[in-house]
Amino acid sequence: SQTIHQWPATLVQPVGSPLSLECTVEGTSNPNLYWYRQAAGRGLQLLFYSVGIGQISSEVPQNLSASRPQDRQFILSSKKLLLSDSGFYLCAWTPASGSGNEQFFGPGTRLTVL
Amino acid sequence: AQTVTQSQPEMSVQEAETVTLSCTYDTSESDYYLFWYKQPPSRQMILVIRQEAYKQQNATENRFSVNFQKAAKSFSLKISDSQLGDAAMYFCAYRSGWAGNMLTFGGGTRLMVKP
């Protein structure tokens, strides 16, 4: 069966510090991968998605970036965090083939920027 | 671009009663998919139910059912025999039939269940 992992689960970082959040998927090959951010009490905003190694599409301009160094690894990064980067970050995956597939979500990372 | 609107920020229901959560969407496409996700306090996103736009029959999953009105672009979720474990944030989501599985989410509805 497929599983998706995210770490760390929680993170407190000062403004201006770098960020690296990791997401890995097990039990599938060539998944589509997604990074979402959820502000407190709000819906999910798609940040990045990837259909393959090294292929990253950005949905919103920001000081965040994403990378996919391996087929089942998706990394969210920042060189200098802003206060507005605080939130709950969710990684998700879907099978690359087929239509109407649901997205399977990881447990999330709660980021607090102070 | 597609938009998804959930007009009820909060709803409450008595245990064992029925509640309906509203969702409307805006699209010019004819082929798409709609989803309801549940996010309990653990914040894990869990799929509740899925509807294909080409299907006229409303989807059902045990106590959960939808009222899909394609012409009105409405996709409401009905929870029957509400249980305390149903308390959560509920998100409606839209997926284009061709746009790479990306989801557009509504702002969410917080459902409270009273014992």
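Shown above is the structure to which this text applies.
About the thresholds
- Residues numbered from 1 in each chain as written.
- Chains lettered and ligands numbered in written order.
- Predicted model: local features only at pLDDT ≥ 70, side-chain atom pairs only at ≥ 80, totals over all residues.
- Heavy atoms only, no water.
- 1 Å grid on protein atoms, 1.4 Å probe; cavity = no way out; pocket = protein on both sides within 12 Å on 5 of 7 lines; lining within 4 Å.
- Points joined across faces, edges and corners; volume = space filled by probe spheres on them.
- Helix = DSSP H or I, 4+ residues; strand = E, 2+ residues; numbered from the N terminus.
- Nonpolar A, V, L, I, M, F, W, Y, C, P; charged D, E, K, R; others polar.
- Pairing = 2+ DSSP bridges.
- Axes fitted to C-alpha atoms, helices over the stretch in contact; angles between N-to-C directions.
- Buried < 20%, exposed > 50% of the residue type's maximum accessible area, 1.4 Å probe, protein only.
- Contact = heavy atoms within 4.5 Å.
- Disulfide = S-S within 2.5 Å.

A.B. asks: I tried to follow the layout of surface pockets on my own but got confused; where do I start?
C.D. replies: Here the idea is plain: a probe the size of a water molecule rolls over the atoms and shows the empty space left. Computed from the structure, the largest pocket encloses a volume of approximately 260 Å³. In this structure, the largest pocket is lined by 15 residues; those nearest its centre are Glu59(A), Gln2(B), Met102(B), Leu103(B) and Thr104(B). Broken down by element, the lining of the largest pocket gets its largest block of residues, three residues, from strand S10 (residues 88-96) of chain B. Of the residues belonging to the lining of the largest pocket, the class tally is eight nonpolar, four polar and three charged. Roughly 200 Å³ of internal volume is contained in the second largest pocket. If you trace the second largest pocket, you find 14 residues lining it, with Gln39(B), Pro40(B), Pro41(B), Met89(B) and Arg110(B) closest to the centre. Elements represented by at least two residues in the lining of the second largest pocket include exactly S10 and strand S12 (109-114) of chain B. Of the residues in the lining of the second largest pocket, the class split is eight nonpolar, three polar and three charged.

A.B. asks: How should the sheet that holds strand S7 (residues 64-70) of chain A be read in this particular structure?
C.D. replies: Across a sheet, strands are paired by hydrogen bonds formed along the backbone, either parallel or antiparallel in direction. Residues and elements named next belong to chain A. Strand order in this open sheet of four strands is S1-S3-S8-S7, and the pairing throughout is antiparallel. Across the chains shown, the open sheet's two edge strands, defined by having one partner strand only, are strand S1 (3-7) and S7. Neighbour to neighbour, the strand axes of the sheet diverge by 20 degrees on average, direction disregarded. Strand direction decides the pairing type here: S7 and strand S8 (residues 73-78), joined by five bridges, are antiparallel. Bridge pairing links Ser67 to Ile75 in S8.

A.B. asks: How should the environment of Val15(A) be read in this particular structure?
C.D. replies: Residue and element names in this part refer to chain A. Inspection of the secondary structure assignment puts Val15 in the loop between strand S2 (10-13) and strand S3 (19-26). Taking relative accessible area as the criterion, Val15 reaches 44% and is therefore assigned partly exposed. Setting aside residues no more than four positions away along its own chain, Val15 makes contact with Leu81, Leu83, Val113 and Leu114.

A.B. asks: Is there a simple way to think about the state of the cysteines in this case?
C.D. replies: The bond known as a disulfide is covalent and runs between the sulfur atoms of two cysteines. If you walk through the whole model with that rule in mind, you get two disulfides over all chains. Note that Cys23(A) is cross-linked by a disulfide to Cys91(A), the S-S spacing being 2.0 Å. Taking the sign of the S-S torsion, about -75 degrees here, the bridge from Cys23(A) to Cys91(A) comes out left-handed. Of this pair, Cys23(A) sits in strand S3 while Cys91(A) sits in strand S9 (residues 87-94), placing them 68 residues apart in sequence. In this pair, the class of Cys23(A) matches that of Cys91(A), namely buried. The residue that forms a disulfide with Cys23(B) is Cys92(B), at a sulfur-sulfur distance of 2.0 Å. Here the S-S torsion is close to -70 degrees, and the disulfide linking Cys23(B) with Cys92(B) is therefore left-handed. Taken together, the positions of Cys23(B) in the loop between strand S3 (19-21) and strand S4 (24-26) and Cys92(B) in strand S10 put the pair 69 residues apart, joining distant regions of the chain.

By themselves, these are just geometric observations and shouldn't be taken as functional.
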